[in-house]
Amino acid sequence: MKDEVKTESSPFEKLCLGLSHDMDADICKEIAAELEKCPDCHFFYNSVEKTIEMYREVENNKNLDEDMELRLLRILNLEDFKPCDDE
Amino acid sequence: MKNELEIIEKAQNGDRKAQTELVLRYEKKVFNLALRMMRDKEDAEDVMQETFLTALRKLHTFEGRSQFFTWLYRITMNISLQKLRERNKSNAMVSLSDPDIESIHGQHLSEWPAFSSRLMTNNDFRKLLDKALKELPAIYRSVFILRDLEGLSTIETQKLLDLTESNVKVRLMRARYYLRQNLQKYFQENQFNER
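Residues numbered from 1 in each chain as written. Chains lettered and ligands numbered in written order. Predicted model: local features only at pLDDT ≥ 70, side-chain atom pairs only at ≥ 80, totals over all residues.

Peer 1: It is not clear to me how the overall build of chain B should be interpreted in this structure. Could you clarify?
Peer 2: Across its full length, chain B holds 10 helices and zero strands. Along chain B, from the amino end to the carboxyl end, the secondary structure elements read α-α-α-α-α-α-α-α-α-α. When each of the 195 residues of chain B is scored for burial, the buried share is 35%. Partitioning the contacts of chain B with sequence separation of at least 6, the portion at a separation of at least 24 is 66%. (Helix = DSSP H or I, 4+ residues; strand = E, 2+ residues; numbered from the N terminus. Buried ≥ 20, exposed ≤ 12 C-beta atoms within 10 Å, placed from the backbone. Contact = placed C-beta atoms within 7 Å.)

Dropping the structure here:
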């Protein structure tokens, strides 16, 4: 399937892409208007938003095991250069 | 904390302490990005090691035109995508369709359940989230991860993945739609009723 987007964004595209952090104010207004007149769109928009939130919640940053860090520094021949905790 | 550009310059001149400092500064970010892409701890460790080996080898080519972490992320993504391509040669991937606004109208959708810690700690639910992200073809997963999980902008994502703005947007839309549909199925099967 090709990835080309039509020049004119469909209402769905506006709804979905409107969730981006870098959305511009005009699109924001259009989305608000769309959501007001279409309850299903409102629920849909809300569910996409929740999907992203749920992924953010479970995909939180994990710490490296100490062994993993040691293996990394060893492979890079940097194990002797790790600063001591009091440095 | 020392100025990053100073550390990079020292590392480029072969200062091993500065190289170590860079690795320690970014190991967690690189590991987590690799883990999100690979969906497996051992594979993520391999990607992280390869990323830093490549980064230190090519450090002299970093000219400071982008932020250092963007440069490092680009290496991480390239290595992850390469490994996923090799791994998926024999695996069938899901195909993603374009969402259709007409199908939303008149569906009588209703509010999803509230975002609760009980739901988020439910093992079956977490497995479902992981499975759906694993099934998502790498070209879509990479955009979803960079945009929605790592918080990069469209421009940063397109530069990092060598895509056009349109490519980023359409891939993000399809990825979000696919993941959303998976959750919808789960909520339906678990007595979450439509209106």
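Right, picking up where we left off after that structure.
Peer 1: Any chance you could explain unusual backbone geometry here in plain terms?
Peer 2: Working note: non-glycine residues mostly have negative phi, and peptide bonds are mostly trans. At Asn77 of chain A, a residue that is not glycine, the phi angle is positive and equals roughly 55 degrees. Within the secondary structure, Asn77 of chain A sits in the segment after α4 (66–75).

Peer 1: Teacher, can you tell me more about the environment of Leu76 of chain A here?
Peer 2: Following the sequence through the fold, Leu76 of chain A ends up in the segment after α4. Among all residues touching Leu76 of chain A, those that are not within four sequence positions of it are Val23, Phe52, Leu53 and Leu56 of chain B.

Peer 1: It is not clear to me how the packing of helix α8 (residues 138–149) of chain B against helix α10 (residues 165–189) of chain B should be interpreted in this structure. Could you clarify?
Peer 2: What describes two packed helices is the angle between their axes and the distance between those same axes. All names here are of chain B. Where α8 meets α10, the axes come as close as 8 Å, and the angle between the chain directions of the two elements is 95 degrees. Compared by their axis directions, α8 and α10 come out roughly perpendicular. Of the residues in α10, those in contact with Ile139, Tyr140, Arg141, Val143, Phe144 and Arg147 of α8 are Val168, Arg171, Leu172, Arg174, Ala175 and Arg176. For the contact of α8 with α10, a count of residues per class yields seven nonpolar, no polar and five charged. (Axes fitted to C-alpha atoms, helices over the stretch in contact; angles between N-to-C directions. Parallel < 35°, antiparallel > 145°, perpendicular 65-115°, else oblique. Nonpolar A, V, L, I, M, F, W, Y, C, P; charged D, E, K, R; others polar.)

Peer 1: Help me understand helix α9 (residues 154–161) of chain B, please; the structure alone is not making it clear to me.
Peer 2: Because the α-helix completes a turn every 3.6 residues, residues three or four places apart line up on one side. All names here are of chain B. Within α9, the full set of buried residues consists of Thr154, Thr157, Leu160 and Leu161. Along α9, the residues classed as buried sweep out an arc of 135 degrees about the axis, all on the same side. Where the residues of α9 are buried, they touch α4 (68–87), α8 and α10. With its phi angle positive at about 55 degrees, Asp162 sits one or two positions after the end of α9. (Arc of directions from axis to C-beta.)

Peer 1: So what exactly am I meant to see when it comes to the nonpolar core here?
Peer 2: The tendency in soluble globular proteins is for nonpolar side chains to be buried as a group. Ranked by size, the top nonpolar core spans 47 residues in total, and within it Ala34, Met48, Val143 and Ala175 of chain B carry the most contacts. Mapped onto this core, the elements with two or more residues apiece are α1 (4–12), α2 (16–38), α3 (41–57), α4, α7 (123–135), α8, α9 and α10 of chain B. The leading source of residues in this core is α2 of chain B, at 11 residues. Counting contributing residues per domain, this core is built from domain 1 (4–87) and domain 2 (101–189) of chain B, each supplying no fewer than three. Apart from the residues within four sequence positions on either side, Ala34 of chain B is in contact with Ala44, Val47, Met48, Thr76 and Ser80 of chain B. Counting residues in hydrophobic clusters, the runner-up holds five residues, among them Cys41, Phe44, Tyr45 and Val48 of chain A. (Core = buried A, V, L, I, M, F, W, Y, C linked by C-beta atoms within 7 Å. Domains from an automatic or database assignment.)

Peer 1: I would appreciate a short explanation of the domain arrangement of chain B in the present structure.
Peer 2: Accessible area lost upon the coming together of the parts is a frequently used measure of interface size. All names here are of chain B. Partitioning chain B into structural domains gives domain 1 (4–87) and domain 2 (101–189). In this structure, domain 1 and domain 2 have C-alpha centres spaced 26 Å apart. Each partner contributes to the interface: domain 1 provides 10 residues, whereas domain 2 provides 12 residues. Ranked by residues supplied to the side of domain 1 that touches domain 2, first place goes to α4 with six residues. Split into classes, the residues belonging to the side of domain 1 that touches domain 2 amount to six nonpolar, one polar and three charged.

Peer 1: Got a minute to help me understand helix α3 (residues 39–58) of chain A in this structure?
Peer 2: When the terminal C-alpha atoms of α3 of chain A are compared, their 29 Å separation across 20 residues agrees well with the 28 Å that a helix rising 1.5 Å per residue should span. Of the residues making up α3 of chain A, those classed as buried are Cys41, Phe43, Phe44, Tyr45, Val48, Thr51 and Tyr55 of chain A. (Expected span 1.5 Å × (residues − 1).)

Peer 1: What is the right way to look at the environment of Thr70 of chain B in this model?
Peer 2: Following the sequence through the fold, Thr70 of chain B ends up in helix α4. Between the alpha carbons of Thr70 of chain B and Thr157 of chain B there is a distance of 9.4 Å; along the sequence they are 87 residues apart.

Peer 1: Is there a simple way to think about the confidence of the model for chain A in this case?
Peer 2: The predicted coordinates should not be examined in detail at positions where pLDDT is low. Residues and elements named next belong to chain A. In the predicted model, chain A carries a mean pLDDT of 77, and the fraction of residues at 70 or more is 64%. Averaged pLDDT values for the elements of chain A fall to 58 in helix α1 (residues 11–17) and rise to 96 in α4. For residues 4–8, every residue scores under 50 in pLDDT, and the model assigns this stretch four contacts once sequence neighbours within four places are set aside. (pLDDT = per-residue confidence, 0-100.)

Peer 1: For this particular structure, what's the right way to read the packing of α1 of chain B against α2 of chain B?
Peer 2: Residue and element names in this part refer to chain B. Where α1 meets α2, the axes come as close as 7 Å, and the angle between the chain directions of the two elements is 125 degrees. Taken as axis vectors, α1 and α2 run oblique relative to one another. The way α1 lies across α2 gives a crossing that is left-handed. Residues Ile7, Ile8, Lys10 and Ala11 of α1 form the contact with α2, whose own contacting residues are Ala18, Gln19, Glu21 and Leu22. Within the contact of α1 with α2, the residues separate by chemical class into five nonpolar, one polar and two charged. (Left-handed = near helix turned anticlockwise from the far one by under 90°.)

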